[in-house]
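Chain residues, written in single-letter form:
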Amino acid sequence: KNCVYSAPKNFSVHVCRSPWCRFATLSNNFKVVFNFRSSTMAPETSTSLGQQTYSEIPKHLVIDALALEKHLLQVLPDLNPVGMSIKKFSTGQSNPTYALEFRSGETFVLRKKPPGKLIASAHKIDREFKIMSSLKTMGLAVPRPVYYCEDTSVVGAEFYIMTFVKGSIYDNSCLKVPQPYRRQVLMNMMGFLAQLHSVDIDKANLGDYGRRGGFYERQIKTLTRVVQMQVTKSNGIPMLDRGNEIIIWFQSHIPADRVSVIHGDFKPDNVVMDPTSHSVLAVLDWELSTIGHPYSDLANFLLPYHMPEGMVDGALFDAMGPGCPSEDELLQQYCKLTGTPYPIADWSFYVAFAFFRLAVILHGVASRISTNQASSSLMSAKGANILANACVEFAFQQVESS
């Protein structure tokens, strides 16, 4: 705790996401493991109800239950919200998400913007509501949006309500998936992604949902601006180490353009799975969805195959034992379902950019924690910023090995 070590040039550091472990690897593959509770990670008290995990609601995220009940009686009287209970989901760093449990036994989900002064381009829950409404009519597995409220006086911010989908939500390394079903689970998730990328943009009434073409050019400009804003709005969070350097590389290596509806953050912990049939019941967290390059979703989903050992809950997809598909098998399945030539050209670019994008997201988490705006307290600002800079290094590893 509170120790400082100056590493030699041939000493590379990999940061484990687990709050209990940090490990470093020497150039001669000698590994030093430190087993201690990191002072940069903050604990969170939580209770598990079924497949969902709830936590105590921080004071700054408490919802006025009576005000919400009164409002819902006016706009959604059939829900009969009198006497409802409100619980906060423990996961999520961006938009606070709550379970509304009614006396009838029904449960709905409320998502709202976080409190405080926000970056204008972030926390677009209205876009979540719009795209889920559109995709639901196209037969895709998403929760049913019920109601959107722009009145910030009800719960302190804009919010929307959607149906609660009961099922299994797995960790991003799929360690919680029973080993015999890991292949089926990952293949079914890939099947949803292929279906999403095949949606007709105009038939889904999403023609105005984003610009067609030039996705990565815009992303480079946007993420550069976002990092700068996150520094400005934070309480002492610095710029990403080597951030400008990796941006220059991206600008000179942009691959061929493609266009589709994209989720923006597609990964196992945003997917509700049927624990019996192992099919996709619903895909959650559409805040970052837009019209963009489909391979950005694909690389984000397959990022654990490129994580250093231990970065994702202690294991990689392809290190989890029999029955788990390789990255190549999943890519071949995607190409088969979408009619895309295999192998995918410039794959290292997409993976590297996914790492950089994750770095920006974690940098944003650090920024929000530093100003007490984070939805969850699973880590500290310092811990999030350490992970952010580690992801920039992982991006460099991809481009240097290509």
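Conventions and cut-offs
- Residues numbered from 1 in each chain as written.
- Predicted model: local features only at pLDDT ≥ 70, side-chain atom pairs only at ≥ 80, totals over all residues.
- Heavy atoms only, no water.
- Helix = DSSP H or I, 4+ residues; strand = E, 2+ residues; numbered from the N terminus.
- Buried < 20%, exposed > 50% of the residue type's maximum accessible area, 1.4 Å probe, protein only.
- Contact = heavy atoms within 4.5 Å.
- Areas by Shrake-Rupley, 256 points an atom, 1.4 Å probe, with all protein chains shown as cover.
- Expected span 1.5 Å × (residues − 1).
- Phe/Tyr/Trp six-rings, centres within 6.5 Å; stacked < 30°, edge-to-face > 60°.
- Lys NZ or Arg CZ within 6 Å of the ring centre and 35° of its normal.
- Pairing = 2+ DSSP bridges.
- Axes fitted to C-alpha atoms, helices over the stretch in contact; angles between N-to-C directions.
- Parallel < 35°, antiparallel > 145°, perpendicular 65-115°, else oblique.
- Left-handed = near helix turned anticlockwise from the far one by under 90°.
- Core = buried A, V, L, I, M, F, W, Y, C linked by side-chain atoms within 4.5 Å.
- pLDDT = per-residue confidence, 0-100.

### Considering the overall build of the protein
A count of helices and strands for the protein gives 9 helices and 14 strands. By residue count, 52% of the 402 residues in the protein fall in the buried class. For the protein, the share of sequence-separated contacts (at least 6 apart) that also reach a separation of at least 24 residues comes to 70%. Counting only carbon and sulfur atoms, one obtains 52% of the accessible surface of the protein, whose full area is about 18400 Å².

### Side note on helix 4 (residues 215-233)
At 3.6 residues per turn, the α-helix brings residues three or four places apart onto the same side. With 19 residues, helix 4 should cover 27 Å at 1.5 Å per step; its first-to-last C-alpha distance of 26 Å lies within 8% of that length. Taken together, the buried positions of helix 4 are occupied by Phe215, Tyr216, Arg218, Gln219, Ile220, Leu223, Val226, Val227 and Gln230. Tucked inside the fold, the buried residues of helix 4 contact helix 5 (243-251), strand 11 (260-262), strand 14 (290-292), helix 6 (294-301) and helix 8 (347-370).

### A look at the packing of aromatic side chains
What the rule picks out here adds up to 24 aromatic pairs. For the pair Phe250 and Phe356, a centre-to-centre distance of 5.8 Å together with 55 degrees between the ring planes defines the contact as tilted. Residue Phe250 is located in helix 5, and its partner Phe356 is located in helix 8; the two are separated by 106 residues in the primary sequence. The burial state of Phe250 is the same as that of Phe356; both residues are buried. Clustering of aromatic rings is evident, with ring pairs tying together Phe215, Tyr216, Trp249, Phe250, Tyr295, Tyr334, Trp347, Phe349, Tyr350, Phe353 and Phe356. A cation over an aromatic ring shows up here: Arg127 above the ring of Tyr209, its NZ or CZ 3.8 Å from the ring centre. Across from the ring centre of Phe396, 3.7 Å away, lies the NZ or CZ of Arg242, which sits over that ring.

### Points about the pairing of strand 13 (residues 280-283)
Inspection of the sheet shows strand 12 (residues 271-273) paired to strand 13 by 3 bridges, in the antiparallel sense. The residue of strand 13 that forms the bridge with Met273 is Val280. In sequence, strand 12 turns back onto strand 13 through a hairpin of 6 residues, with His278 there showing a positive phi of about 65 degrees.

### Concerning the side chain of Gln398
On the secondary structure map, Gln398 appears in helix 9 (residues 381-401). Given the relative accessible area of 12%, Gln398 is considered buried. Apart from the residues within four sequence positions on either side, Gln398 is in contact with His306, Ser348, Val351, Ala352 and Phe355.

### Some remarks on the packing of helix 4 against helix 8
Axis separation between helix 4 and helix 8 bottoms out at 9 Å; the angle between their running directions is 25 degrees. What the angle tells us is that helix 4 and helix 8 run roughly parallel. As for the relative orientation of helix 4 and helix 8, their crossing is left-handed in sense. Within the contact between the two elements, helix 4 uses Tyr216, Gln219, Ile220, Leu223, Val226, Val227, Gln230, Val231 and Lys233 and helix 8 uses Phe349, Tyr350, Phe353, Phe356, Arg357, Val360, His363, Gly364 and Ser367.

### Considering the nonpolar core
Counting residues in hydrophobic clusters, the biggest one holds 93 residues, and the most contacted among them are Phe192, Ile246, Trp286, Leu298, Leu302, Trp347 and Phe356. Per-element accounting of this core gives the leading share, 15 residues, to helix 8. Not counting residues within four places of it along the chain, the set of residues in contact with Phe356 comprises Leu223, Leu240, Gly243, Ile246, Ile247, Phe250, Val392 and Ala395. Ranked by size, the runner-up nonpolar core spans 19 residues in total, among them Ile63, Leu68, Ile86 and Leu100.

### So, unusual backbone geometry
Trans peptide bonds make up the majority, and among non-glycine residues the majority have a negative phi. Going from Tyr342 to Pro343, the amide bond is cis rather than trans, its omega being 0 degrees. With respect to the helices, strands and loops of the structure, Pro343 is situated in the loop between helix 7 (327-338) and helix 8. Even without glycine at this site, His278 takes up a positive phi of about 65 degrees. Note that His278 resides in the loop between strand 12 and strand 13. Judged by relative accessible area, which is 5%, His278 ranks as buried.

### A look at the confidence of the model for the protein
For the protein, per-residue confidence averages 84 on the pLDDT scale, and 81% of positions sit at 70 or higher. Within the model, pLDDT remains below 50 along residues 1-50, and this stretch shows 92 contacts once partners closer than five positions in the same chain are excluded.

### Quick notes on helix 9
Between its terminal C-alpha atoms helix 9 stretches 31 Å, which fits the 30 Å expected from 21 residues at 1.5 Å a residue. Most of helix 9 sits inside the fold, with 15 of its 21 residues counted as buried.

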